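Remarks on the overall topology
Spelled out, the chains give:
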Amino acid sequence: MRREWMVLLLLNVAEYFTNAKNTCVEDENKSLEWWQTAVFYQVYPRSFKDSNGDGIGDLKGIEEKAEHFKDIGVDCVWLSPIFKSPMADFGYDISDYNKIDSVYGTMDDFVSLHKKLKSLGIKIILDFVPNHSSDEHEWFKKSVEKIMPYKDYYVWKDAKFDENNLRIPPNNWQSLFSNPAWTWNEKRGQYYLHQFDPKQPDLNYRNKELVDEMKNNLRFWLDLGVDGYRVDAVPFLFEDPNFSDDIRKPEELAIKEKNTYDQYYHPYTMDLDETYDMINQFRDVLDEYILKDGKIRVMITEGYTSMENTMRYYGNETNLGAHMPFNFGLIDRLNDFSNATKFKEAVNNWLDNMPDGKCANWVIGNHDQPRLATRLGSEMVDAMNMLNMLLPGAAFTYMGEEIGMSDTAVRWDQTIDPRGLNAGPDGYRTLSRDPARSPYQWNSSANAGFTVSSKPWLPVNPNYWRLNLDAQRKQHCSHYTVYKRLARLRKTRTVQRGSFDGRELSEWVYAFTRSLPSAETYLVVLNVGSEEERVDLSSWPTLVKDETWLVHTPSVNSQYSIGYSLKTNGFTMRPKSAMVLCNKRHSLVLSSFSSATQSISSSSLVFPVAMFLVALGFLLKNP
């Protein structure tokens, strides 16, 4: 036990020096931009922290908890929509793109939050919602009145009439929220298109004045200092100008779908070629700011579509496209029965299809998907965070994933998500997004410390009394402590710049390495099965046989502790457990020590050097 503690001490001292070395050489390696190695943390503002007791999270609440981002190693905070909205879709129906909704606070509150994050060295990006506005936006009201230039800011179409001369929609297009995508406006005497809720009319991107307006919306917040955008629902920006009917799936497939949208194929309402050109135009707006201050503003596009169409958002040599399209492979392709082959395919599918020279990214949850702990089980939280944080590229964390929050069971009478409400009491459990949007669990006090109100906007998960941030911060080993170690590992040169090699070691064990010549190698091993597994690394061609590996970061459910020694020729792993291993114990420590001493003042080295010498002396006497 004493020897394990000495190894642990050596590892921590080495990590101290390694991170210090990275900080010193950072300016010597300019090929990586900030967003390529960043941890992006998604905040759903309604559910993060309520500062004024109305039961709804707000900007002041986010600022109050901003130190949490720094504590867990976040590089950039992404805020879901905070703009003025009637909240038909909780902020994704925007009535003024340039104003803060009063439920979240004021513009002064936003400026204050931005200043706070900046003081912590944390960037901020916003949601840009280009496909639609609210029907309460002034543009839509004027479009109804046919006032120029707003007359064609939205997609309007005359009615059709059936054999009984009854008015019917122009075609069979369906909304993603499970109803017809057309709503009749009596005053204008036409139908308007809405691919989401009827209160979210689609904007017409074939109108040049509208395009200019949307570009100016981007500039408004960029001028206020934001570091980029996550761009919402991009596949739906353009529709077929001939308004051709979508194609219904074979009846045996269509009848299984509760959401009417899923009963059709959609070649005429998504992924049109013009969409990619518009993304290029948005990118040009962001790149205008490089000329102003030399700093890159990042653009990340959201699109649930085919791999081929997703990769097109990366752009090409002449049209830059987005910096990154979201990678939902770890959500879409994995479930609680997935074996090692499925994990390998989920990872490689992105890396193998990504254009050369582009940056990968990894997403394991968001406000539209069931939470990670619910989809794959709470035992897989650490394993998935290891994938998310240590695979090459940017990492996205949905708030609560760092403590393993799970979905809240929201009853029908508590349901407020329009997609769930449209599905009715029989189908809402499948389609409602409310369960993944429940308030953050800060502590074990009433309503998990989210609000002093007796009624938060959504119910808090009943498990908050045991599963909360405060409790995990006090534990020696928790999802929170694992996440923090992974975030620190992301600062190493190996994880930021090292090569990747992923393999199936057995039907249920998936593993990958991150390695860099003359630097440490990290080996991540996941037992994704429900039984204990024997792991043998000896056949891995690039690993040294009989090499000793040290446990750098074990999952909460692992039988191994930090600093434990393992051999490549065999060890066992508990079901659903995972761990990060590290090699080159002595070379890692010594090379880190040598490099760090050249750039760190002697006064700052007294304590770590002393600890290093004590631990090294002990190990030399007790090999």
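Note that the structure is predicted; figures quoted are calculated from it, not measured.

**Some thoughts on the sheet that holds strand β5 (residues 123-128)**
What links the strands of a sheet is backbone hydrogen bonding, and the strands pair in either a parallel or an antiparallel sense. Pairing is parallel in the open sheet, where 8 strands are placed in the order β17-β16-β13-β5-β2-β1-β19-β18. Here the strands that pair on one side only, and so sit at the sheet edges, are β17 (324-325) and β18 (361-363). Where β5 meets strand β13 (residues 228-231), 3 bridges bridge the pair, whose relative direction is parallel. Bridge assignment links leucine 126 to a residue of β13, and that residue is tyrosine 229. Along the sheet, helix α4 (residues 107-119) makes contact with β2 (76-79) and β5, crossing β5 at roughly 140°.

**Quick word on the sheet that holds strand β25 (residues 565-567)**
Read from one edge to the other, the open sheet built from 6 strands follows the order β20-β21-β22-β27-β24-β25, with strand pairing classed as antiparallel. Each having just a single partner strand, β20 (499-504) and β25 make up the two edges of the open sheet. Taking each pair of neighbouring strands and ignoring which way they run, the sheet shows an average axis angle of 30°. The pairing of strand β24 (residues 548-554) with strand β27 (residues 578-582) spans 4 bridges and is antiparallel. Within β27, the position partnered with valine 551 by the bridge is leucine 581. Together, β22 (522-527), β24 and β27 form the strand contacts of helix α16 (residues 479-489), whose direction differs from that of β24 by roughly 120°.

**Details of the nonpolar core**
Ranked by internal contacts, the top residues of the largest apolar core, which has 117 residues, are Phe69, Leu79, Tyr205, Tyr229 and Met384. Sorting elements by how many residues they give to this core places helix α8 (residues 273-293) first, with 7 residues. Contact partners of methionine 384, with chain neighbours within four places excluded, come to Leu330, Leu334, Phe343, Ile364, Leu372 and Leu376. Ranked by size, the runner-up nonpolar core spans 17 residues in total, among them Trp35, Ala38, Phe40 and Val298.

**Focus on unusual backbone geometry**
Note the cis peptide between methionine 148 and proline 149, where omega equals 5°. Counting through the fold element by element, proline 149 comes out in the loop between α5 (138-144) and β6 (156-157). Positive phi outside glycine occurs at phenylalanine 90, with the angle close to 50°. In this structure, phenylalanine 90 sits in the loop between β3 (83-84) and β4 (96-100). Judged by its relative accessible area of 9%, phenylalanine 90 is buried. The backbone of alanine 448 sits at a positive phi, close to 60°, despite the residue not being glycine.

**With respect to the confidence of the model for the protein**
Overall, the predicted model of the protein reaches an average pLDDT of 91, with 89% of residues at or above 70. Of the regions scoring below 50 in pLDDT, residues 12-28 engages in 34 contacts with residues more than four places distant in sequence or in other chains. When the criterion is pLDDT under 50, residues 586-607 qualifies, and its contacts beyond four places in sequence or with other chains add up to 24 contacts.

**Comments concerning the packing of helix α13 (residues 381-390) against α16**
At a minimum axis distance of 10 Å, the contact between α13 and α16 shows a crossing angle of 15°. By the angle between their axes, α13 is roughly parallel relative to α16. The way α13 lies across α16 gives a crossing that is right-handed. Of the residues in α16, those in contact with Val381, Asp382, Asn385, Met386, Met389 and Leu390 of α13 are His479, Val482, Tyr483, Leu486, Ala487 and Leu489. Looking at side-chain class alone, the contact of α13 with α16 contains 9 nonpolar, 2 polar and 1 charged residues.

Cut-offs used in this document
- Residues numbered from 1 in each chain as written.
- Predicted model: local features only at pLDDT ≥ 70, side-chain atom pairs only at ≥ 80, totals over all residues.
- Heavy atoms only, no water.
- Pairing = 2+ DSSP bridges.
- Helix = DSSP H or I, 4+ residues; strand = E, 2+ residues; numbered from the N terminus.
- Contact = heavy atoms within 4.5 Å.
- Axes fitted to C-alpha atoms, helices over the stretch in contact; angles between N-to-C directions.
- Core = buried A, V, L, I, M, F, W, Y, C linked by side-chain atoms within 4.5 Å.
- Buried < 20%, exposed > 50% of the residue type's maximum accessible area, 1.4 Å probe, protein only.
- pLDDT = per-residue confidence, 0-100.
- Parallel < 35°, antiparallel > 145°, perpendicular 65-115°, else oblique.
- Left-handed = near helix turned anticlockwise from the far one by under 90°.
- Nonpolar A, V, L, I, M, F, W, Y, C, P; charged D, E, K, R; others polar.

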